[in-house]
Amino acid sequence: MELRVTEAGSNQGVTDGFHLLTDALKLNGVKTIYNVPGIPITDLGRYAQAQGLRVLSFRHEQHAGYAAAAAGFLTKKPGICMTVSAPGFLNGLTALAHATTNCWPMILISGSSEREIVDLQRGDYEEMDQLAIARPHAKAAYRILRAEDIGLGVARAFRAATTGRPGGVYLDIPGALLGQTMNEVEGEASLRKVVDLNAASVPAPTAVRRAVEVLKSAERPLIIIGKGAAYAQCDDTVRQLVETLGFPYLPMSMAKGLLPDTHPQCASAARSLVLKECDCVFLVGARLNWLLGNGEGAGWGENGVRNFVQIDIEPTEMDSNQSISAPLIGDIESCANALLDAIGSNWTKPSEEWLGAVRAKVEFNVARMAQRLRNNNSPMDYPEALGVIKDVMAEHQDTVLVNEGANALDQCRSIVDIHQPRKRLDVGTWGVMGIGMGSAVAAAVETGNQVLAVEGDSAFGFSGMEVETICRYNLPVCIVILNNNGIYRGDGENWGGGDDPSTTVFVKNSKYELMMQAFGGSGAVATNPDELRRAIADAFETREPTLINAVIDEAAGRESGNIGNLNPTSVVAKIRYPQAKK
Ligand code: ADP
Ligand code: TZD
Ligand code: MG
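None of the values given here were measured: they were computed from a predicted structure. (Residues numbered from 1 in each chain as written. Chains lettered and ligands numbered in written order. Predicted model: local features only at pLDDT ≥ 70, side-chain atom pairs only at ≥ 80, totals over all residues. Heavy atoms only, no water.)

### Here we look at the site of ligand 1
Reasoning step 1: What surrounds ligand 1 is a group of 20 residues, the closest being Arg165, Lys227, Arg287, Asp312 and Ile332.
Reasoning step 2: Measuring from an oxygen atom of ligand 1, one finds a backbone N or O atom of Lys227 at 2.7 Å.
Reasoning step 3: Within the backbone of Ile313, one N or O atom sits 3.2 Å away from a nitrogen atom of ligand 1.
Reasoning step 4: Relative to its unbound accessible surface of 580 Å², ligand 1 loses 97% to contact with the protein. (Near = heavy atom within 4 Å. Polar contact = N/O pair within 3.5 Å; in protein donor to acceptor, adjacent residues only side chain to side chain. Areas by Shrake-Rupley, 256 points an atom, 1.4 Å probe, with all protein chains shown as cover.)

### A look at the packing of helix H16 (residues 382-395) against helix H17 (residues 407-415)
Reasoning step 1: Two elements in contact, H16 and H17, have axes whose closest approach is 10 Å; the angle formed by their N-to-C orientations is 50°. One way to sum up the angle between H16 and H17 is to call them oblique. Between H16 and H17 lies a crossing whose hand is right-handed. Taken together, the residues of H17 that come into contact with H16 (itself represented by Tyr382, Pro383, Leu386, Gly387 and Lys390) are Asn407, Ala408, Gln411, Cys412 and Ile415.
Reasoning step 2: Grouping the amino acids of the contact of H16 with H17 by side-chain chemistry returns 6 nonpolar, 3 polar and 1 charged. (Axes fitted to C-alpha atoms, helices over the stretch in contact; angles between N-to-C directions. Helix = DSSP H or I, 4+ residues; strand = E, 2+ residues; numbered from the N terminus. Parallel < 35°, antiparallel > 145°, perpendicular 65-115°, else oblique. Left-handed = near helix turned anticlockwise from the far one by under 90°. Contact = heavy atoms within 4.5 Å. Nonpolar A, V, L, I, M, F, W, Y, C, P; charged D, E, K, R; others polar.)

### Topic: the pattern of salt bridges
Reasoning step 1: For the structure shown, the criterion picks out 24 salt bridges.
Reasoning step 2: Close ionic contact of Arg59 with Glu468 constitutes a salt bridge, the shortest N to O distance being 2.9 Å. With a gap of 409 residues between them, Arg59 in the loop between strand S5 (54-57) and helix H3 (61-75) and Glu468 in helix H20 (residues 467-472) connect regions that are remote in the sequence.
Reasoning step 3: In this structure, Asp261 engages Lys256 in a salt bridge whose closest nitrogen and oxygen atoms are separated by 2.8 Å. The two residues Asp261 and Lys256 agree in class, both being buried.
Reasoning step 4: In the salt-bridge network here, residues are joined through shared partners; they are Arg59, Glu468 and Arg472. (Salt bridge = Lys/Arg side-chain N within 4 Å of Asp/Glu carboxyl O. Buried < 20%, exposed > 50% of the residue type's maximum accessible area, 1.4 Å probe, protein only.)

### Section: the coordination of the magnesium ion (ligand 3)
Reasoning step 1: Only Asp457 (OD), Asn484 (OD1) and Gly486 (O) from the protein coordinate the magnesium ion (ligand 3), and they sit 2.0 to 2.1 Å from it.
Reasoning step 2: For the magnesium ion (ligand 3), the single-chain donor residues occur in sequence as D-x26-N-x1-G. Remark: Gly486 occurs in the loop between strand S19 (477-483) and helix H21 (513-517) and Asp457 occurs in helix H19 (residues 457-463); sequence separation between them is 29 residues.
Reasoning step 3: A residue is classified by how much of its surface remains accessible, and Asp457, at 3% relative accessible area, is buried. (Donors = N, O, S within 2.8 Å, 3.2 Å for Na, K, Ca; no water.)

### Notes on the site of ligand 2
Reasoning step 1: Lining the immediate surroundings of ligand 2 are 16 residues, of which Tyr382, Asn407, Gly431, Asp457 and Ala459 lie closest.
Reasoning step 2: Within the contact set of ligand 2, an oxygen atom lies 3.2 Å away from a backbone nitrogen or oxygen of Ala406.
Reasoning step 3: Take Gly486: an N or O atom from its main chain is 3.0 Å from an oxygen atom of ligand 2.
Reasoning step 4: Relative to its free-state accessible area of 600 Å², ligand 2 is covered by the protein chains to the extent of 75%.
Reasoning step 5: Listing elements by their share of the shell around ligand 2, those giving two or more residues are H17 and H19.
Reasoning step 6: Of the residues contributing to the shell around ligand 2, the split by class is 8 nonpolar, 7 polar and 1 charged.

### Considerations on the sheet that holds strand S11 (residues 221-225)
Reasoning step 1: A sheet is described by the order of its strands in space; here 5 strands give the open sequence S12-S11-S13-S14-S15, paired in parallel fashion. Unpaired on one side and paired on the other, strand S12 (249-251) and strand S15 (326-329) mark the two borders of the sheet. Sheet twist, expressed as the average angle between the axes of neighbouring strands with direction ignored, equals 10°.
Reasoning step 2: Across 5 bridges, the pairing between S11 and strand S13 (residues 280-284) is parallel. By the bridge assignment for S13, Ile223 is matched with Phe282.
Reasoning step 3: The strands touched by helix H10 (residues 205-216) are S13, strand S14 (307-312) and S15; relative to S15, the strand with the most contacts, the crossing angle is about 140°. (Pairing = 2+ DSSP bridges.)

Written out as structure tokens, the structure reads:
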């Protein structure tokens, strides 16, 4: 351990809370901290930087938090976010809850005020009982009160965030802890490196045999691959399992690219058909939550899904919606390998009747869409703009695509193929607007690859100020705003007839490109697909921070994109608001 020298002079042999905390993080492999400075953690960030950690400062904690969450997904290690107390903590908490909801490992470290004052509610600077507030939104929440417990506290946070089903962990750091001193040798001895963070969890042989029998009995089987499988980083094993079984598969949004979307078994373009007609569904790291209609109702198994088989590391996920005929409780790599062993070499692939029907539907739908992706209108509609993005992702397959919005999200997800694992970061399980710039920063920092952020104009606004962060660190991020002047559409009217614009409409023809130019990055406007293609090519060539304002027809979108059905309806609205046309 290095010697520490204080202003007072030589202070050999002594360490303190600041340094124990950074040492504990380093010992557990942390390389980057996503943070917003302030009392009491300003110096913590400085010391971390001095000790060789990369400390990236954001303009708002939520985006530092979303960056940490995305880093957790990309690296399979906890992403670290650091904030000040009360308001900074609350700003970061949204991201911690998001990480927990998505089953991603993240640790939110927040400074907090003096316990003696806070607990008597005497009104301290930024007083708040942060630990209690964090607990329901995190997989675990801990507070460290003594310098000698820093090693233990950090180790517990790492273990909880990562082992089993991953999630967000809150670590409460009262300001006074950071200044506590202890003997340096004892301090070093108190730190712990967590062993086998991503511990394997092997399924029982009986469960494996049961799953093989159920899968064998399927006539029209379907695999659904979720982001848990992308997170698991056993890409070759998943691919081998899918190809050995020979089933059509559907990738969930962030599992796209785990096998390339152009794979012959990929049934994305025949989604309605496979969900309606399948008789057996094999879930691999995907939950039967709202994104899959909870496995029932409209769109699902017209003739009834007879069997669900599910791989998940979390036992309570089984039977959370539909009855699971063959649960495989374990990590995806262990489960997939056990299945491959049990299957051996004599596996009969599904009937040509089923595979042929799926293939025909895929080919039909892909061909039907192809022309729409090639039109060259001005202003563009979504498919025209996204046809360009699709080409870019095919030509630059290691680009990380960040995507948020409503139409900007849904149409991008279905049109733009992803070719490599973990190259798509989006709104996740909650459908969060605001993940954009934080995810883009994390993607650039953690992978070093070019990032392409495809953003609705509303979605971008949630984190738009972080373009300064992107410029400050000179990250290779190209932002394309699909600008339709508003939320869902830009042509809504005020149904009360007043002067205020409709609730969903923004300033028309906004010059978003100037936001990037304000901080020294490049800005461009694209009014047609050719211009968009050229602007992206320039950004990829220079790897400069770039913002392209892509002008989209303001009447092109649909209310809520693909999930308009989730809006509650009013029975009296049509009578009261005759102006309401859409
Ligand atoms: P999607 O939104 O893509 O459908 P979900 O987030 O709903 O995916 O589901 C991911 C699932 O993957 C979670 O239930 C989680 O417990 C599980 N999971 C995460 N990591 C692993 C792993 N290494 N092995 C097995 N299951 C995992
Ligand atoms: N706030 C948060 C945090 N998350 C949300 N999902 C929403 C609000 C509601 N919301 C959506 O679900 S999509 C969306 C909002 C505000 C923006 C859609 O507009 P956009 O995309 O410009 O981003 P399109 O292309 O105009 O549809
Ligand atoms: Mg919009």
